[in-house]
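So the chains spell out like this:
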Amino acid sequence: MKIPLVDVRAQYELLADEMNEALNLVLQRGDYILGKEVAEFEKEFASFCGCRYAVGVASGTDALHLALEACGVEPGEEVITSPNSFVATASAISFCGAKPVFVDIDPDRFTINPDLLTNAITEKTKAIIPVHLYGQPADMGALSAIAERFGLSIVEDACQAHGAECDGRRVGSLGRAAAFSFYPGKNLGGCGDGGAVTTNDPEIADRVKQLRNYGQRVKYHHETLAYNSRLDTIQAAILRVKLQYLDGWNRRRQEIAAYYTQLFAGCLIKLPKSFEGSSHVYHLYVIRTAQRDDLLELLNQQGIGAGIHYPIPIHLQPAYESLGYQAGDFPEAEASCRQVLSLPIHPLMTDEQIEQVAQSVKEYIDRHNLLLAA
């Protein structure tokens with residue numbers, strides 16, 4: 001059988017009646033821009049995250065960018081983040097005219113290593129973006145303590161971690177602001193691009209509302225230079241339907257991850273870890289092996305939609321050559337980019353599919369190790 005990395009079609013088939021009804025209501029009203037469903041979704045998503053405000057924007061990238069601007073990040077300043085993320089994390093910093101500064105990762109969490117953070121802080125540092133990568137929260141306790149000591153803002157990149165928790169609080173409520181993406185493959189995904197900024201600060205929420213809508217609070221009264229970055233009403237309607245199922249879907253992802261881990265017992269690959277006080281929501285189930293590329297080719301040949309997140313760290317991307325980083329500057333991030341492999345995981349996976357993926361991985365790894373020993 002073919003097993004996709006994610007299966008948005010199966011999700012639609014499950015919710016087709018509810019999603020079609022929600023879409024029809026928007027079409028009948030015709031309030032396509034900042035309509036009723038946007039305001040309702042913002043309230044519901046803020047409640048889901050355990051914070052006071054959510055502001056819908058056009059994408060996760062815009063959510064990061066506008067959150068940074070709302071926190072006062074200005075040209076010439078520096079924002080610290082990790083190099084093993086999607087490029088949008090750094091792009092959002094650049095869009096503010098600020099400089100991305102990278103810090104290596106904790107190889108077990110795949111998130112920014114707090115023990116290395118203080119060495120990267122300078123008089124120009126304005127904020128930190130911890131990336132909750134693959135659904136795993138960063139070590140927010142340690143990061144928050146450092147940010148408070150140096151007077152820095154934390155803007156969470158929660159684009160892969162809808163519903164993840166750290167010390168009993170959900171991501172999106174742990175920093176000064178946070179950014180979410182609703183790209184279709186996310187734990188909470190729409191039928192196109194979309195994003196949101198969450199915060200407990202009314203001034204940041206108000207600022208993001210201005211920045212997303214041409215700098216206006218009142219139509220045609222433009223108080224500041226700003227952008228067109230509004231969450232579509234149609235996307236908000238779809239997200240409202242799916243949000244009702246998100247907790248259950250996250251629990252199923254955790255069950256699938258636990259089953260994978262059980263099936264991989266004794267297999268010579270590095271598996272995802274969980275941490276005390278932290279709740280991983282497994283946007284991706286990521287293993288590590290030095291045989292990553294050959295294993296990926298084999299799985300794809302067998303119809304198993306494995307993938308790589310991400311093959312090139314941001315500091316080695318041509319777009320960031322001007323920053324002057326070199327190979328070897330962030331050895332843990334670079335090693336992970338050579339070794340990580342994302343296995344299929346989505347809430348509608350069957351146990352049979354999980355077992356087929358695990359069997360294919362184990363057979364390859366066992367055969368490879370036998371050849372090495374021969």
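Details of the structure are given in the entry above.
Q: How should the sheet that holds strand β12 (residues 278-279) be read in this particular structure?
A: Strand-to-strand pairing in sheets goes through backbone hydrogen bonds, with the strands running parallel or antiparallel. Strands sit in the order β7-β6-β12 across an open sheet of three strands; the sheet is antiparallel. In this open sheet, the two strands that pair with only one neighbour each are β7 (169-170) and β12. Sheet analysis places strand β6 (residues 165-166) next to β12, joined by two bridges and oriented antiparallel. Across the sheet, Cys166 pairs through a bridge with Ser278, a residue of β12.

Q: Got a minute to help me understand the nonpolar core in this structure?
A: Generally speaking, nonpolar side chains in soluble globular proteins are found buried as a group. By size, the foremost hydrophobic cluster in this structure holds 56 residues, and its most contacted members are Phe41, Phe45, Ile80, Leu117, Phe180, Phe182 and Leu188. Taken together, the elements giving at least two residues each to this core come down to α2 (36-49), β3 (99-102), α5 (140-150), β8 (177-181) and α7 (233-243). Ranked by the residues each element gives to this core, the list is headed by α2, at six residues. Leu296, Leu299, Leu341 and Ile345 belong to the second-largest nonpolar core, a separate cluster that totals 28 residues.

Q: I tried to follow α5 on my own but got confused; where do I start?
A: An α-helical turn contains 3.6 residues, so a residue and the one three or four places further along point in the same direction. Residues Met140, Leu143, Ile146 and Ala147 constitute the buried set of α5. Seen from one end, α5 has its buried residues packed into an arc of 130°, which puts them on one side. Facing away from the buried side of α5 by over 90 degrees, the exposed positions are Glu148 and Arg149. Against the buried residues of α5 lie β4 (125-128), β5 (153-157) and β6.

Q: Please explain the sheet that holds β8 as it appears in this structure.
A: Read across the sheet, seven strands follow the order β1-β9-β8-β5-β4-β2-β3 without closing on themselves; strand pairing throughout is mixed. This sheet does not close on itself; its edge strands, each paired only once, are β1 (53-57) and β3. Each adjacent strand pair in this sheet contributes to an overall mean axis angle of 25°, direction not counted. Note that β8 and strand β9 (residues 195-199) share four bridges and pair antiparallel. Following the sheet pairing, Phe180 is matched in β9 by Ala196. Together, β2 (78-81), β3 and β5 form the strand contacts of helix α4 (residues 88-95), whose direction differs from that of β3 by roughly 140°. In this fold helix α6 (residues 202-212) packs onto β1, β8 and β9, with an angle of close to 15° to the strand it touches most, β1.

What counts, and where the lines are drawn
- Residues numbered from 1 in each chain as written.
- Predicted model: local features only at pLDDT ≥ 70, side-chain atom pairs only at ≥ 80, totals over all residues.
- Heavy atoms only, no water.
- Pairing = 2+ DSSP bridges.
- Helix = DSSP H or I, 4+ residues; strand = E, 2+ residues; numbered from the N terminus.
- Core = buried A, V, L, I, M, F, W, Y, C linked by side-chain atoms within 4.5 Å.
- Buried < 20%, exposed > 50% of the residue type's maximum accessible area, 1.4 Å probe, protein only.
- Arc of directions from axis to C-beta.
- Contact = heavy atoms within 4.5 Å.
- Axes fitted to C-alpha atoms, helices over the stretch in contact; angles between N-to-C directions.

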